[in-house]
Amino acid sequence: MEFNHISVLLKECIEGLNIDPEGIYVDGTLGGAGHGYEVCRRLSERGRFIGIDQDEDAIKASTERLCEFRDKVTIIKSNYVHMKQVLAEQGIDEVNGILLDLGVSSYQLDTEERGFSYMADAVLDMRMDRTQMLTAADVVNSYPEEKLCQILRDYGEERFARSIAKHIVQRRQERAIETTGELVDIIRASMPAKAKNSKGHPAKRSFQAIRIEVNHELEVLQEALEDMVSLLADGGRLCIITFHSLEDRMVKNFYRRMEHPCTCPPDFPVCVCGNKTKGKVITRKPILPGEEELAGNKRSKSAKLRIFERRD
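Residues numbered from 1 in each chain as written. Predicted model: local features only at pLDDT ≥ 70, side-chain atom pairs only at ≥ 80, totals over all residues. Heavy atoms only, no water.

Draft legend 1. Structural context of the side chain of D101. Looking at the element boundaries, D101 is found in strand β4 (residues 95-101). At 9.5 Å, R211 is the nearest oppositely charged side chain to D101, a buried residue that forms no salt bridge. Of note is the side chain of D101, whose polar atom sits 3.1 Å from the backbone nitrogen of G103. (Helix = DSSP H or I, 4+ residues; strand = E, 2+ residues; numbered from the N terminus. Buried < 20%, exposed > 50% of the residue type's maximum accessible area, 1.4 Å probe, protein only. Lys, Arg positive; Asp, Glu negative; His and termini not counted. Salt bridge = Lys/Arg side-chain N within 4 Å of Asp/Glu carboxyl O. Polar contact = N/O pair within 3.5 Å; in protein donor to acceptor, adjacent residues only side chain to side chain.)

Structure follows, in structure tokens:
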């Protein structure tokens, strides 16, 4: 399948990065290079673009798409959590902008054998990086019931997490759960009829939760945030698109701490903690897709863009 993906909040991201034609920009979740292509179009011969992705299919697709900019583009297979090291290996210690799109690509969702989708029966996989060991099948078949329940509840905000975890454990005692179709059937059987027939697919939240666990998505984001801000040059911007309330809350609270890091009690007359601001939050409220984008790409519905600007 061709690597097709509609870039979410494309115009807003490009505007948010406030691109300097001679600057250095990093896309930590390169995908099919939809955002990356528009960044590269705005760079002069002295500008530079670094694309990072852990998905080999994305690396191949983005390399082809950005071939016309090859003199100023470097594409690296890695996880954005290693961005500081990746850039150091390229001789780069500061950049003018960083972009993250934390959504799953349409290609990954629509390629059945990747095992991300609850709409087709395929092997339970869900790995962004297919060289890693842990798969969705491992999570479903080996995690204790209490941990499964916690993942479904916390990462998927699933109301019926306890029932679903219980049914998963019961089924796997009979035989291993190997496919997405089997998992969907178990999830359906764990819910009351009213919930199964409500708006939205009954397995959506559970699949999201398992995918987040498989790829350690929240841990990676938490670990990477401070490194990314530290990489920004004065006036550089960090643009992050989230699709999950936990991710969005993490980014929002982090940006606030970077802007107002003082830990002194409110009644202290002067600051004694020594923590100085790292910059300012550009987006007091997240930027959301407009009606036109929503009409053309339903998968953009839960996207939220937040922007932070570094100030020394």
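Draft legend 2. Representation of the pairing of strand β7 (residues 304-310). Of all 7 residues making up β7, 6 are buried, and the element is well covered by its neighbours. The pairing of strand β5 (residues 232-242) with β7 spans 6 bridges and is classified as antiparallel. From the neighbouring strand, R237 faces β7, where its bridge partner is E309. Strand direction decides the pairing type here: strand β6 (residues 279-281) and β7, joined by 3 bridges, are antiparallel. Each residue of the ladder has a partner; that of G279, found in β7, is R310. (Pairing = 2+ DSSP bridges.)

Draft legend 3. Spotlight on the packing of aromatic side chains. Inspection of every chain in the model, using the stated rule, returns 4 aromatic pairs. With a centroid separation of 6.4 Å and 55 degrees between ring planes, the pair formed by F254 and Y255 is classed as tilted. For the pair shown, F254 and Y255 are each scored as buried. On the numbers, 5.5 Å between centres and 35 degrees between planes, the contact of Y255 with F308 is tilted. With Y255 in helix α13 (residues 245-259) and F308 in strand β7, this residue pair connects regions lying 53 residues apart in the sequence. We note that Y255, like F308, is buried. Among the aromatic residues, those joined into a ring-pair cluster are F254, Y255 and F308. (Phe/Tyr/Trp six-rings, centres within 6.5 Å; stacked < 30°, edge-to-face > 60°.)

Draft legend 4. Inspection of the nonpolar core at higher detail. Core analysis: the biggest nonpolar cluster contains 66 residues, and M83, I98, L183, I210, M228 and I240 have the highest contact counts within it. Top element by residues in this core is helix α12 (residues 217-231). It accounts for 8 residues. Non-local contacts of M83, meaning those with residues more than four positions away in its chain, are made with V26, G28, I52, I98, M228 and L231. Counting residues in hydrophobic clusters, the runner-up holds 24 residues, among them C13, F49, L99 and I241. (Core = buried A, V, L, I, M, F, W, Y, C linked by side-chain atoms within 4.5 Å. Contact = heavy atoms within 4.5 Å.)

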